[in-house]
Amino acid sequence: MSRLCLLLLLSFSCVEAAAPFSWQRRPPLRPDRLAASSELVDVAYHMGPVVAAPANIYTIWYGKWEAAPQGIIRDFLLSLSSPSPSPSIAEWWRTVRLYADQTGSNVTGSFVLAGELHDSAYSHGATLSRLAIQSIIRSAVTAYPQQRLPLDPHGGLYLVLTSPDVRVEDFCREVCGFHYFTFPDIVGVTVPYAWVGHSGSQCPGMCAYPFALPDYMGGAGSGGGIQVLGAPNGDVGADGMVSVIAHELAEMSSNPLINAWYAGSDPAAPTEIADLCIGIYGSGGGGGYVGSVFKSSEGGGYNLNGVKGRRFLVQWVWNPVKKTCFGPNAID
C-alpha cells in the first residue's frame, strides 16, 4: 500500500482547553510492515515471557542532543508509573499491564529511570545499520569506564535514541522506531531494547505527523488546505518521538523476545499490540481517522497528561479484555 493511501485529507474541529476535537493522522511508520486492521486480527499468547519484574530503563542519547527535547522524553518516561491528572500516561499503561505470561504474572507497572549515557562522540558514526544499535548498547555497557551503563539482564530495558543528524537504516522510509533483543555474541547477554530516531530535520512529516506534513503534501507548514497541529510541548521532533517510544515500550514489554503476545503465525513478522492500533488516539478512531482528542489553548494536540504539567499525544493499544483499541481518554 502506498504512503499516499495511508494519509487521508484532514478536517479539523478545534475547540479550546479540554474539550475534545478530532483530526486525522498518518501513523508512525513501522519496520517491515504497514498498519494492521484491528477488525481483522487479534493477538494471541505464544508462551514466551513478558516484562513482569520492575523495569530499569537505561537511555542512550546517541549523537548531539539539546536539553529541551531530552526533558520532554524524560518526563514521558517518568510519567509511566507516576501519578498525573486523568487521563494520564500511567492510566494508559494499565492496558499494557493486562497482558500476562503463562505463570499469571502481568506486565510490570513499575519503571525506574536507572541510568543515562550521552554518546555525543558518535562512537559508531553518524550513519547506522539496524544491527549497529546493538553495538551501541555494547559500547555503552563496556567502553566507558567512567560512565558506562550496567549490563542488566534481569530488569533492564535499553532505549537508544538518535539525534536529528543521525541516519539509521530505513529511517524515514520504512521505520521510525523498532524493538528487539540483543544477541549474546554482540552484547554478552540477551536484553530487550528499542531504538527511536529524532525525525525533526529528516522526516517530520513521516514520523512526527500531524505536527508536520510530508513534502508531497506541502512540507512542514500547511498546504492544499491541510493544517498541521501544534506539538503539545512545542517540539515537533521530540513530541513525535514520544508516541513512537510509547509504541515500542508497550510491545517490548508484552513481547520482549518475540515469542509472547502478537497476532499472526509468523514470529518474524508479528503484528503486536500497538501495531493493531496505529493511528488511533481517541474514541471513533480507525480507518485513517484518529478519533477525539484534546487541544490546549496554545494549540497543542494531546490525549494524555504526564508529570510536571506535560501533555502528550500517544496512540492507543489493543485491550485484550475489551477486544478493541483503548485508551483512558475514551469518551464512550
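The name that an unreviewed UniProt entry assigns to the protein is Phosphate-induced protein 1, with the source organism given as Ensete ventricosum. Checking UniProt for the protein, the heading Sequence similarities (unreviewed entry) contains the comment "Belongs to the EXORDIUM family." Regarding the protein, the relevant UniProt record gives this comment under Subcellular location (unreviewed entry): "Secreted, Extracellular space, Apoplast".

This part takes up the state of the cysteines. Tallied over the entire structure, the rule returns three disulfides. Bridging Cys172 to Cys203, the disulfide has an S-S length of 2.0 Å. Taking the sign of the S-S torsion, about -70 degrees here, the bridge from Cys172 to Cys203 comes out left-handed. Of this pair, Cys172 sits in the loop between β7 (167-168) and β8 (177-181) while Cys203 sits in the loop between β9 (192-197) and α6 (204-207); the two residues are 31 residues apart in sequence, bridging distant segments of the chain. The class for Cys172 is buried, based on a relative accessible area of 12%. The disulfide partner of Cys277 is Cys325, and the S-S distance across this bridge is 2.1 Å. Disulfide Cys277-Cys325: torsion about the S-S bond near -95 degrees, hence left-handed. One end of the pair, Cys277, is in the loop between β10 (261-262) and β11 (292-295); the other, Cys325, is in strand β16 (residues 324-326), with 48 residues separating them in the sequence. In terms of burial, Cys277 and Cys325 fall into one category: buried.

Read from one edge of the open sheet, five strands run β4-β3-β6-β9-β8, paired in mixed fashion. Each having just a single partner strand, β4 (111-119) and β8 make up the two edges of the open sheet. Ignoring strand direction, the axes of neighbouring strands in this sheet form an average angle of 20 degrees. Both strand β3 (residues 55-62) and β4 contribute to a ladder of eight bridges, which runs parallel. Opposite Ala55, over in β4, you have Phe111 as the bridge partner. In the packing of helix α4 (residues 132-142) onto the sheet, contacts are made with β3, β4, β6 (156-162), β8 and β9, and the angle to β6 comes to roughly 115 degrees.

This next bit is on helix α3 (residues 89-96). Residues of α3 that are buried include every one of Ile89, Trp92, Trp93, Thr95 and Val96, and no others. For α3, the angular spread of the buried residues around the axis is 140 degrees, confining them to a single face.

Attention shifts here to unusual backbone geometry. A cis geometry characterises the amide bond from Ser86 onward to Pro87, with omega recorded as -5 degrees. Of note, the phi angle at Ile258 is positive, near 60 degrees, even though the residue is not glycine. Note that Ile258 resides in the loop between α7 (236-254) and β10.

To continue, consider the pairing of β3. Where burial is concerned, most of β3 is hidden: seven out of the eight residues are buried. When β3 meets β6, the two strands line up parallel, connected through seven bridges. Counted as the bridge partner of Ile60 is Val160 from β6.

With that out of the way, let us pick up the environment of Ser123. Counting through the fold element by element, Ser123 comes out in the loop between β4 and β5 (127-128). When the C-alpha positions of Ser123 and Tyr62 are compared, they lie 8.5 Å apart, and in sequence the two are 61 residues distant. Apart from the residues lying within four places of it in its own chain, the contact partners of Ser123 are Tyr62, Ser139 and Tyr144. At a separation of 2.5 Å, a polar atom in the side chain of Ser123 contacts the side chain of Asp119.

By the secondary structure assignment, Val107 is in the loop between α3 and β4. Linking Val107 and Ser253, residues 146 residues apart in sequence, is a C-alpha distance of 6.5 Å. Residues contacting Val107, with those up to four places away along its chain left out, are Val50, Val51, Ala52, Trp93, Val96, Arg97, Tyr99, Ser253 and Ser254.

Turning to α7, a few remarks are in order. With 19 residues, α7 should reach 27 Å at 1.5 Å per residue; the first-to-last C-alpha distance of 28 Å fits that figure. The buried fraction of α7 is high, at 18 of 19 residues. One side-chain oxygen of the residue at the start of α7 lies 3.1 Å from the amide nitrogen of Gly237, identifying that residue as Asp235.

Rules of the game
- Residues numbered from 1 in each chain as written.
- Predicted model: local features only at pLDDT ≥ 70, side-chain atom pairs only at ≥ 80, totals over all residues.
- Heavy atoms only, no water.
- UniProt positions renumbered as here; feature names shortened; annotations may be inferred.
- Disulfide = S-S within 2.5 Å.
- Helix = DSSP H or I, 4+ residues; strand = E, 2+ residues; numbered from the N terminus.
- Buried < 20%, exposed > 50% of the residue type's maximum accessible area, 1.4 Å probe, protein only.
- Pairing = 2+ DSSP bridges.
- Axes fitted to C-alpha atoms, helices over the stretch in contact; angles between N-to-C directions.
- Contact = heavy atoms within 4.5 Å.
- Arc of directions from axis to C-beta.
- Polar contact = N/O pair within 3.5 Å; in protein donor to acceptor, adjacent residues only side chain to side chain.
- Expected span 1.5 Å × (residues − 1).

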